[in-house]
Structures are given as C-alpha cells and as structure tokens.
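# Close look at the chain arrangement
One-letter residues, chain by chain:
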Amino acid sequence: MNKSPLVSVVIPSYNHESYLEESVMSVINQTYKNIELIVIDDGSKDGSIALLQSLQAKFGFKLECQENMGLSKTLNKAIRSYCGGKYVCCLASDDIWTSDKIEKQVAYLEQHEEVALVYGRARVIDSSGAVQNSQTKKAKIAKELSFDTLLVENRITALTSLFRRDVFDQLGAYNEDTVIEDWDMWLRIAFSYKVHFQDHEMGFYRMHETNTSNDALKMVKANFDILTFWEDKIDKDLFVKARRNASLNALRWLSRSQKEEARKYFYFDTACLLDKRLYIGLCKLFFY
C-alpha cells in the first residue's frame, strides 16, 4: 500500500499548444509518483484540445474541455470537483516544473504540520525555453514569509507553490473577481497560517507575448482592489507602505504608454524620494 499522500495537480490550459506538452510532461515525469493530474482546457482556439486528447490517451490523466470561463473559475472547478489529494498545486500550461519539485515539497509539509503552503525559486525562460534569469547570485530569502511582507510585495511565483487542500476549503477558494487570484489566495493563507520558503529551484516561468501578466493596467487595478480589501483589517502604517509600493509600481509600468492611468494610481509621500522607481517613472511620464 502506498503511504505517500496523494497530490492533486491542476493544469488550466488555454491557447498554449506550443508549450503544453512540455508542461504536462514535467508533471508526468515527477520523481514523486502518487499524483493525480487534472487538466481543464478553458476554451482554447488553437490545437491544444487535440494535443491534450492525444496525451490523455497515453498517460490517463483527467481531462475536461469547456467553454471559456476564466482562470479563477477553472481552478475552483478543478479543485472542488476533481481534486482528492491532501495537497494541491497548479501549473500554468506554458510553465515547467523541475523533476523533484513535488517530492521536495511533500517531504517538507509532512515534517512541518504547522505550515500551510511552501514555495521555492523559479527561473525565467523565453518562448523558446532559453533561460533569461539564471539566478547565479541568489538573493537571501527568509524561511518564513510573513503576511506583512507578502502584502507589500508578492514574492511567491505561483508555479512553485504547494498547499494543503483543507486550507483551500477553509478559506473559500480562489477569488473569481480578480486577475491576481494567486496573490489574493496567498495573502489569505498567510494571514491565518504559516508560509515557508524552500531554497530550491522548483521550475521555469515562461515569459512570452500572451502572458496575462503583460496587461499592466489590469494588474495595477487588481493590485489596488486587493489592497483596498485589507485596508480596514490591518495596521495603518502597513497599508500605507503597501500602497506606496503599489503606487510606485503603477508609475513604472504605466507612465510610458498610459500616462493618465499612471497619474490616477500614483500616491506620493516623502518615502518615495528614496526609491529609484519614482525617478524612472517620472522620466517616462514627462519625456516619452
């Protein structure tokens, strides 16, 4: 009898025919074997469905193809309807895991019952798979990630995460009204539970022209909406610090091509004077 806990892996697929097989195979080839893989195609218009059907016939994972309903709803449907594991993790259909990702994380959570979520390092690759960020000089990261730190800056790369299924149920699933559903979930977890960092490379995040995160204005708006939710639940100084960081990011991301929106989301205080994003953003705002 297999005593290793079951891990449920969800791949939400959407128009990633070029990257999809590599993503699926990075799950199939995990050194940890007690895995159930659930793939839901969310209305792809390319050849993703035919490719998934071929892979499903070979490897026997759960596959469902649906009309487009969005990422958060797809994740919630997959976890609520199909995931039976003690642990859950999600992998975008254009990203890749290292082969021992789940093995390392399950071992850690089994030894640390007080921890609800673990995450690790990731490298950035381009559309061809070439590494863009080699992380040769690794920044030192604390083992425990606090809510306060996470609110100011999302430090969790979603593809590197693994969390307990019962925590997902207790917190009420992903927020279906935001495009930063992962950060929103991590904040709710970190507010009530422990979140730990494992200093291991867990996978590769692929940057390409169709990334959702490339839509800067949507990301900025979602960032401020999430901060507004927490405003009356946290210390005022923490909220001001988090809003300042979000404001400087908005200025940096929007000031070149969406100047009115950059002004709308920018809040100045004297602490901004010490941050180079202020000067980069102002240069873009007034000289481009």
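Residues numbered from 1 in each chain as written. Predicted model: local features only at pLDDT ≥ 70, side-chain atom pairs only at ≥ 80, totals over all residues. Heavy atoms only, no water.

### Some details on the packing of helix α1 (residues 17-28) against helix α2 (residues 48-59)
- α2 packs onto α1 with a crossing angle of 25° between their chain directions and a minimal axis gap of 9 Å. Between α1 and α2, the crossing angle belongs to the class labelled roughly parallel. Two packed elements cross with a definite hand, and for α1 against α2 that hand is right-handed. Of the residues in α2, those touching α1 at Glu-17, Leu-20, Glu-21, Val-24, Met-25 and Ile-28 are Ser-48, Leu-51, Leu-52, Leu-55 and Phe-59.
- When grouped by side-chain class, the residues that make up the contact of α1 with α2 number eight nonpolar, one polar and two charged. (Axes fitted to C-alpha atoms, helices over the stretch in contact; angles between N-to-C directions. Helix = DSSP H or I, 4+ residues; strand = E, 2+ residues; numbered from the N terminus. Parallel < 35°, antiparallel > 145°, perpendicular 65-115°, else oblique. Left-handed = near helix turned anticlockwise from the far one by under 90°. Contact = heavy atoms within 4.5 Å. Nonpolar A, V, L, I, M, F, W, Y, C, P; charged D, E, K, R; others polar.)

### Observations regarding the pairing of strand β9 (residues 194-206)
- Pairing geometry for strand β5 (residues 96-97) and β9, over two bridges, is antiparallel. Each residue of the ladder has a partner; that of Ile-96, found in β9, is Phe-204. (Pairing = 2+ DSSP bridges.)

### A word on the packing of aromatic side chains
- All told, the structure shown has 11 aromatic pairs when counted by the stated rule.
- Consider the rings of Phe-163 and Phe-168, whose centres lie 6.4 Å apart with planes at 25°: the pair is stacked.
- Overall, the relative accessible area of 2% leaves Phe-168 in the buried class.
- Here the aromatic residues Phe-147, Phe-191, Phe-229 and Trp-230 are joined through ring pairs into a cluster of three or more. (Phe/Tyr/Trp six-rings, centres within 6.5 Å; stacked < 30°, edge-to-face > 60°. Buried < 20%, exposed > 50% of the residue type's maximum accessible area, 1.4 Å probe, protein only.)

### Digging into unusual backbone geometry
- The backbone of Asn-15 shows a phi angle near 55°, a positive value even though the residue is not glycine.
- Counting through the fold element by element, Asn-15 comes out in the loop between β1 (7-13) and α1.
- Judged by relative accessible area, Asn-15 falls into the partly exposed class, the value being 28%.
- Positive phi, close to 75°, is recorded for Ala-173, a residue that is not glycine.
- Relative to the elements of secondary structure, Ala-173 occurs in the loop between α6 (165-171) and α7 (181-192).
- According to the relative accessible area criterion, Ala-173 is buried, its value standing at 3%.

### Overview of the environment of Cys-89
- Tracing the backbone through its elements, the reader meets Cys-89 in strand β4 (residues 87-90).
- The spacing of Cys-89 and Ser-128 is 39 residues in sequence and 25 Å in space, taken between C-alpha atoms.
- Aside from chain neighbours lying at most four places away, what touches Cys-89 is Val-7, Ser-8, Val-9, Val-10, Trp-97, Lys-101, Ile-102, Ser-161 and Leu-162.

### With respect to a nonpolar patch on the surface
- Taken together, Phe-268, Leu-273 and Tyr-279 make up a surface patch of nonpolar side chains, about 320 Å² in accessible area.
- The residue Leu-273 is located in the loop between α10 (259-265) and α11 (276-287) in this model. (Patch = residues over 30% accessible without salt bridge, like charges linked within 9 Å, V, L, I, M, F, W, Y side chains within 5 Å. Areas by Shrake-Rupley, 256 points an atom, 1.4 Å probe, with all protein chains shown as cover. Salt bridge = Lys/Arg side-chain N within 4 Å of Asp/Glu carboxyl O.)

### A word on the pattern of salt bridges
- If you walk through the whole model with that rule in mind, you get 16 salt bridges.
- With a closest N to O distance of 3.1 Å, Arg-165 and Asp-169 form a salt bridge. Of the two residues, Arg-165 and Asp-169 both sit in helix α6, four residues apart, roughly one turn of that helix.
- Exposure remark for Arg-165: the relative accessible area of 15% places this residue in the buried category.
- Residue Asp-169 is classed as partly exposed on the basis of its relative accessible area, which comes to 44%.

Distances and angles like these do not, on their own, reveal function.
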